[in-house]
Amino acid sequence: MTDDERTRSSSSSRPDAGPQPVGLRALPRPVAVVVGGGGVLGAAQVGVGWALEQRGFVPELIIGTSVGALNGAIAAAHPGKAAPWLDRVWTQARRRQVFPFGYLSSRASICADRGLRRLIARAELPSRIEQLEIPFAAVATDLATGDQVLLDHGDLESALLASAAVPGVLPPVEREGRTLVDGGVIAYVPVRAALQAGAASVLVLSTGPASCPLRPIVPPLRAGAVAARAGQLLWHHQIERDLHDVSEQIPTVVLPTGIEAWPAPWDFGQSHRLIETACLEAGRFLDGLRISGPGLYRVDGSPAASAGLGQARTASAAGGGR
């Protein structure tokens, strides 16, 4: 089956947008969708986006980090109908197109950004952030000061390149006198930025193992595995801190993906599986969601909790007996 045939097949199996579930309608407005980082694991965000669009949901604000900035910008450009665009982008992308190792643009990175530029161009986005249909911001990190930089105006391509500039892998971006790198360095899941922008509630589309409940493992012995585990711990604790701080003030809903076996961040061959699995799991969660004030609404990921929640999989507020 070709990529186009697969995309049409998966699209035709998804129903048209219907009425919003009670939980979505109960979210205080304005609602921000927050889209985290994660490389090719961002394909799972596409599945969550399908589930939201099936239920007729359109946010008032979108904020994204790294790959989440690209997904978020496409959603902001095509409100209510972005999922088919995103599905095509992710199921047709290949690692060598996005991360062309060996084509150095400078001594600052091991990859040029030409592949990422092609991916952005394929999304057919406007040239400026202000031209997007939904207010949007990409999060980047100032390499000199360590400050979070919210890119909510001006050139869209450079904002997306900056937000996704994984340090050492993709080149930093010079923008408005600043040297910018991946927003995930400081805000892997930028819920704080959404709160600061005036959101009254947030839907979080995070992704990857760093967003999942942390489980003890046998400590790895090889250098690469040690570094990967340390990075996962770093991001996990950053994400948890930010989620809990924001959820004390506004409803903070973390949409599940249902994915247990995550591929490598550069393995584009599994995009279709990630999209389909996340679409089904997020849909079940949304249909059972109930909102009762500020709190952290999510599935905790434990086997016992998952079995007890059944098909509805309703999460309770953190302050009300999660």
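Shown above is the structure to which this text applies.
Everything numeric here is computed off the predicted structure, so don't read it as measured data. (Residues numbered from 1 in each chain as written. Predicted model: local features only at pLDDT ≥ 70, side-chain atom pairs only at ≥ 80, totals over all residues. Heavy atoms only, no water.)

## Looking at the overall build of the protein
A count of helices and strands for the protein gives twelve helices and nine strands. Per-residue burial over the protein gives 51% buried out of 322 residues. Nonlocal contacts in the protein, meaning residues at least 24 apart in sequence, comprise 75% of its contacts between residues at least 6 apart. Just so you have it, the protein exposes about 14,100 Å², and 56% of that area is on carbon and sulfur atoms. (Helix = DSSP H or I, 4+ residues; strand = E, 2+ residues; numbered from the N terminus. Buried < 20%, exposed > 50% of the residue type's maximum accessible area, 1.4 Å probe, protein only. Contact = heavy atoms within 4.5 Å. Areas by Shrake-Rupley, 256 points an atom, 1.4 Å probe, with all protein chains shown as cover.)

## Description of the pairing of strand 3 (residues 136-142)
With seven of seven residues buried, strand 3 lies mostly within the body of the structure. Side chains F136, A138, A140 and D142 project from strand 3 onto one buried face, and the interleaved A137, V139 and T141 project onto a second face that is buried too. Across four bridges, the pairing between strand 2 (residues 61-65) and strand 3 is parallel. Bridge assignment links T65 to a residue of strand 3, and that residue is V139. Direction of pairing for strand 3 relative to strand 4 (residues 148-151): antiparallel, over a ladder of four bridges. For A138, the partnering residue across the bridge sits in strand 4 and is L151. Remark: five residues form the turn of the hairpin made by strand 3 and strand 4, two consecutive strands paired antiparallel; G146 in that turn has positive phi of roughly 80°. In terms of strand pairing, strand 3 meets strand 6 (residues 178-182) through three bridges, oriented antiparallel. Bridge assignment links A140 to a residue of strand 6, and that residue is D182. (Pairing = 2+ DSSP bridges.)

## Points about unusual backbone geometry
With an omega of 0°, the peptide bond between R29 and P30 qualifies as cis. For P30, the position within the fold is in the loop between helix 2 (22-25) and strand 1 (31-35). Notably, S66 is not glycine yet its phi reads approximately 55°, a positive angle. Turning to its location among the elements, S66 is positioned in the loop between strand 2 and helix 4 (67-77).

## What about the packing of helix 3 (residues 43-54) against helix 5 (residues 82-92)?
Put simply, helix 3 and helix 5 touch, their axes get as near as 9 Å, and they point 160° apart. Viewed along their axes, helix 3 and helix 5 adopt a mutual orientation that is roughly antiparallel. Crossing angle aside, the handedness with which helix 3 passes helix 5 is left-handed. The residues of helix 5 that touch helix 3, namely those facing A43, V46, G49, W50 and E53, are A82, A83, P84, L86, D87 and W90. (Axes fitted to C-alpha atoms, helices over the stretch in contact; angles between N-to-C directions. Parallel < 35°, antiparallel > 145°, perpendicular 65-115°, else oblique. Left-handed = near helix turned anticlockwise from the far one by under 90°.)

## A short note on helix 8 (residues 156-163)
Counting buried positions over the eight residues of helix 8 gives seven, a clear majority of the element. Those residues of helix 8 lying buried are L156, S158, A159, L160, L161, A162 and S163. Residue D155 occupies the N-cap position of helix 8, its side-chain oxygen lying 2.7 Å from the main-chain nitrogen of S158. (Polar contact = N/O pair within 3.5 Å; in protein donor to acceptor, adjacent residues only side chain to side chain.)

## Focus: the nonpolar core
In terms of nonpolar packing, the biggest core is built from 69 residues, with W90, L125, F136 and L203 touching the most fellow members. Residues contacting F136, with those up to four places away along its chain left out, are L61, I62, G64, A69, G72, A73, A76, I129, L151, D152, L156 and L160. Ranked by size, the runner-up nonpolar core spans 21 residues in total, among them Y188, V189, A193 and V246. (Core = buried A, V, L, I, M, F, W, Y, C linked by side-chain atoms within 4.5 Å.)

## Digging into the environment of R241
By secondary structure assignment, the location of R241 is in helix 10 (residues 223-247). Owing to a relative accessible area of 44%, R241 belongs among the partly exposed residues under this scheme.

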